[in-house]
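Analysis of the macromolecular model
Take a look at the letters that make up each chain.
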Amino acid sequence: MIHTMDVAPPPAGFRFAPAALIANIPALPCDVFIQNGGRAVLFAGAGAEAEAISRRLNLGVPILIRQEDEDLLASALVAAIPGVLRSYRMGADARSRIAYGLATASLRPLLSYGARPDESDLLLSHDVVDAISEALAGDESLVGAMVAVMEQHPATYIQAINTAVYSVLLARRLGITHGEALRAVGRGALLHDIGKVRVPTQILDKPGPLDDREWGIVQQHPAAGQTLVLAALGTEPTYLHIIRDHHERSDGSGYPTGRSAHSLPFDSQLVAITDAFVALTSVRSYQQPTSAADALRTMRFVQKGQFNDEIMREFIALLAGWHDIRRHELGALLSLLGR
Ligand SMILES: [Fe+2]
């Protein structure tokens, strides 16, 4: 996985690049460098065979690219995802791990504080989630493997891809099996928190309760996300309501509007559930991650009434297939829900 490495910061104008993942690209889309005495030294030029380059690099040696090549590299990483997911040379575990790494590496710049996403950034993010969504629909062996490799990391880009994976799987279970509707769920779930790129990191990562001013800023992120996406695409995508609504709650206790279940679209209510689950089960600055069963218990009993019963029921049943949820716990979680 390619989080920021514990090494000296890159020289001005350069960015770290994920050496292990670059091996999955047929040819380098840009020059790559290694760091030597605080300077970036050219290691291989654009067009070189990426797999061979990657093999020559010792494990742990950070490689660099020019800052202006970040978009080129991200496009190449995303373009590699479908081939990795379909590869018959690797088992489902390896395919999932590499595709997840490629997805998170390419999404990180888009979903980090201060990002200014443009149309090509958003179209790239669509490609990421569409590729994963299609692969999960067509290859059942990938489903459990993908869930198993997902990290419990607090970063927005990690939570975004995790929420998208759960949302697509849950949508399929609820009968949204393909086409535009499934793509909307996946894309909306992936980009639901894009407005957080406008929320300062010291607020998002604050190790304690937020004051009124900070909470006010956090509550603006759904509207900020809508504005960002509309401005970048120049037209309203089919998933915009998911960004707008993901913190609304069935009982009207959510934000920003406090609308209740009858006025919330089904897919908004779906992503509200998967987002809440991912947040509870992730490492955060102010809380330890909870187990899947504890997270569901919190959502089912402590946050009672906040989530759609029917969708909640199917989500619990879905998760019971992959997470260690005991039979008697499952019965309690499912009691009196829906149908
Ligand atoms: Fe959010």
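Residues numbered from 1 in each chain as written. Predicted model: local features only at pLDDT ≥ 70, side-chain atom pairs only at ≥ 80, totals over all residues.

**Considerations on the overall build of the chain**
Heads up, the condition is: Each helix is a run of DSSP H or I of at least 4 residues and each strand a run of E of at least 2, with the numbering of both proceeding from the N terminus. The size measure is the radius of gyration over C-alpha atoms, and the globule rule it meets is 2.2 Å times the number of residues to the 0.38 power. Residues with at least 20 neighbouring C-beta atoms inside 10 Å of their own are called buried, those with 12 or fewer are called exposed, and the rest are partly exposed, where every C-beta is derived from the backbone. Remark: residues whose backbone-derived C-beta atoms lie within 7 Å of one another are considered to be in contact.
Scanning the chain from N- to C-terminus turns up 16 helices and four strands. Computed over its C-alpha atoms, the radius of gyration of the chain comes to 20 Å, within 12% of the 20 Å expected for a compact globule of 339 residues. Seen along its three principal axes, the alpha-carbon backbone of the chain occupies a region of about 60 × 50 × 40 Å. Out of the 339 residues in the chain, the part that is buried amounts to 43%. A sequence separation of at least 24 residues applies to 68% of the contacts in the chain between residues at least 6 apart.

**Considering helix 5 (residues 119-138)**
As a reminder of what qualifies: By definition here, a helix of n residues has an expected span of 1.5 Å times n minus one.
If you check helix 5, its first and last C-alpha atoms are 28 Å apart, about what 20 residues at 1.5 Å a residue would give, namely 28 Å. Buried positions along helix 5 lie against helix 3 (70-86), helix 4 (92-107), helix 6 (140-149), helix 7 (156-173), helix 8 (179-191) and helix 11 (221-233).

**Structural notes on the sheet that holds strand 1 (residues 14-17)**
What counts is decided by this rule: Pairing between strands is defined by DSSP: at least two bridges between the two strands are required. Angles shown run from 0 to 180 degrees and are taken between the N-to-C directions of axes, each axis being a line fitted to C-alpha atoms and, for helices, limited to the stretch in contact.
As summarised here, the arrangement of the four strands in space is 1-4-2-3, forming an open sheet in which the pairing is antiparallel. Here the strands that pair on one side only, and so sit at the sheet edges, are strand 1 and strand 3 (39-44). Here the average twist between neighbouring strands, direction ignored, is 50 degrees. When strand 2 (residues 32-36) meets strand 3, the two strands line up antiparallel, connected through five bridges. In the sheet register, N36 faces strand 3, and the bridge partner there is R39.

**Some remarks on the nonpolar core**
Our working rule: Joined through C-beta atoms within 7 Å, a set of buried Ala, Val, Leu, Ile, Met, Phe, Trp, Tyr and Cys residues constitutes a nonpolar core. Domain delimitation follows an automatic or database domain assignment.
In terms of nonpolar packing, the biggest core is built from 91 residues, with V32, L77, I81, L102 and V165 touching the most fellow members. The dominant element in this core, judged by the number of residues it contributes, is helix 7, at eleven residues. Counting contributing residues per domain, this core is built from domain 1 (1-68) and domain 2 (87-334), each supplying no fewer than three. Those residues in contact with I81 that sit more than four places away from it in its chain are A99, L102, A103, V128 and A131.

**Here we look at the domain arrangement of the chain**
Domain annotation of the chain identifies domain 1 (1-68) and domain 2 (87-334). Each of domain 1 and domain 2 was reduced to a C-alpha centroid, and the two centroids are 30 Å apart. With five residues of domain 1 at the interface, the matching set in domain 2 holds five residues.

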